[in-house]
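For reference, the chains in residue letters:
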Amino acid sequence: MGLIVEERRGAVMVWTLTRPDRLNALPDLEDGEAFAAACEAVNADPSIRCVVMTGAGRAFSAGGDLKAMKARADLFEGSGAVIRERYRRVVHRIVRSLYGLEVPLIAAVNGPAMGLGCDIAGLGDIRIASDRASFGVPFMKLGIIPGDGGSWLLPRNVGYVRAAEMLFTARSIDAETATEWGLVNRVVPHETLMDEAMTTAAQIAAQPPQALRMAKSLLRQGRDMNFDQMLELSAAMQALAHLTEDHIEGVTAVLEKRPGDFTGR
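Residues numbered from 1 in each chain as written. Predicted model: local features only at pLDDT ≥ 70, side-chain atom pairs only at ≥ 80, totals over all residues. Heavy atoms only, no water.

Caption draft 1: Highlighting empty space enclosed by the protein. One pass over the full model with this rule turns up 1 cavity of 30 Å³ or more. As a volume, the largest cavity reaches approximately 50 Å³. If you go around the largest cavity, the residues you meet are Arg22, Pro27, Asp28, Asp65, Ala68, Asp74 and Phe76. Residues that form the lining of the largest cavity fall into these classes: 3 nonpolar, no polar and 4 charged. (1 Å grid on protein atoms, 1.4 Å probe; cavity = no way out; pocket = protein on both sides within 12 Å on 5 of 7 lines; lining within 4 Å. Points joined across faces, edges and corners; volume = space filled by probe spheres on them. Nonpolar A, V, L, I, M, F, W, Y, C, P; charged D, E, K, R; others polar.)

Caption draft 2: Structural context of the environment of His242. Relative to the helices and strands, His242 is located in helix α10 (residues 227-242). Separated by 31 residues in sequence, His242 and Ala211 place their C-alpha atoms 9.6 Å apart. Engagement of the side chain of His242 in a polar contact is seen with the side chain of His247, the distance being 3.3 Å. (Helix = DSSP H or I, 4+ residues; strand = E, 2+ residues; numbered from the N terminus. Polar contact = N/O pair within 3.5 Å; in protein donor to acceptor, adjacent residues only side chain to side chain.)

Caption draft 3: Structural detail: the sheet that holds strand β1 (residues 4-9). Pairing is mixed in the open sheet, where 6 strands are placed in the order β1-β2-β3-β4-β6-β9. In this open sheet, the two strands that pair with only one neighbour each are β1 and β9 (186-188). Adjacent strand axes in the sheet meet at a mean angle of 20° when their direction is disregarded. When strand β4 (residues 105-109) meets strand β6 (residues 126-130), the two strands line up parallel, connected through 4 bridges. Bridge pairing in β6 links Ala107 to Arg127. (Pairing = 2+ DSSP bridges. Axes fitted to C-alpha atoms, helices over the stretch in contact; angles between N-to-C directions.)

Caption draft 4: Local environment of unusual backbone geometry. Each neighbour pair has its own omega, and for Leu26 with Pro27 the value is -10°, a cis peptide bond. Position of Pro27 relative to the elements: it lies in the loop between β2 (12-17) and α1 (31-43). Even without being glycine, Leu23 reaches a positive phi, approximately 55°. Positionally, Leu23 belongs in the loop between β2 and α1.

Rendered as C-alpha cells:
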C-alpha cells in the first residue's frame, strides 16, 4: 500500500495518509513522487472539484522520521550536498505539488501535525481540526530548521510574531489555540471531523469548476502580487469566465431562484 490512499466521492477526492504505525511520518524517499502523482492526476481531471486530506490512525502526520535522522539514513544519508539535493527532490516536491494543486484543498487534521506535517496541513486552503489535533514546528528541538519552506508559509498563516513563537520555542499548540491564531478555520469533535470536512467539500464541489480553479489561482498568486498586477490578472480571468456556459447557468439559476447545475463548460 502506498502512502496516499485515494477514495473518490463524487466530485471530491479524499486522500488519506496511510502510515499509521509510524504516525504518518514524512517523508520516505518515494513520497515526493507519491504527492506529485496524486496532485497531477487531480489537476488533469476537470471532474474533480475539491480534495480532502486526512491521516490514518491517531496522527495527521508526525513529520520527519527521528530514527532515520539519528541513523543518518534514507533522506538524511550522505554529504551536505547530497542531503540538500534530496530535500529539493523529495521534500520540496511534496510542498510544491500541494501548493500547485489547482482545486481547493481541505486539510482534515485528525491528530498531531508536527514539523513537515504541520506545514502540509498549513497548505490546505481550508483547515478543519479535530479536538484531538495539535500543531507544532519542533525543528529547534532537533537542532535543525524548517527545510520544507515552513518559514515562508507559517508567518502567512498565523502572522510573524506567532510563527516566531512557535518556531523559536518549539512548543506545540492545541486545536483551540490554532483556531484563535488563524491556523485552522474551526475545531470540531473528533467523531464528526470527516463529516464536517465532507459537508464543506460538497459545498465547494457544487460551484462551477472553471471559476473555482481560477478563484484559487487568484488567491494564491495574490500573496505575492501588488494590487495593479492582481487587477490585470483578474480582468483576464474574468473575461474567460464570462464566456463559459456555467456563467450563464449561474445567472439563470439566480434569476430563477434555484441552485445552479454546473457542468464545467
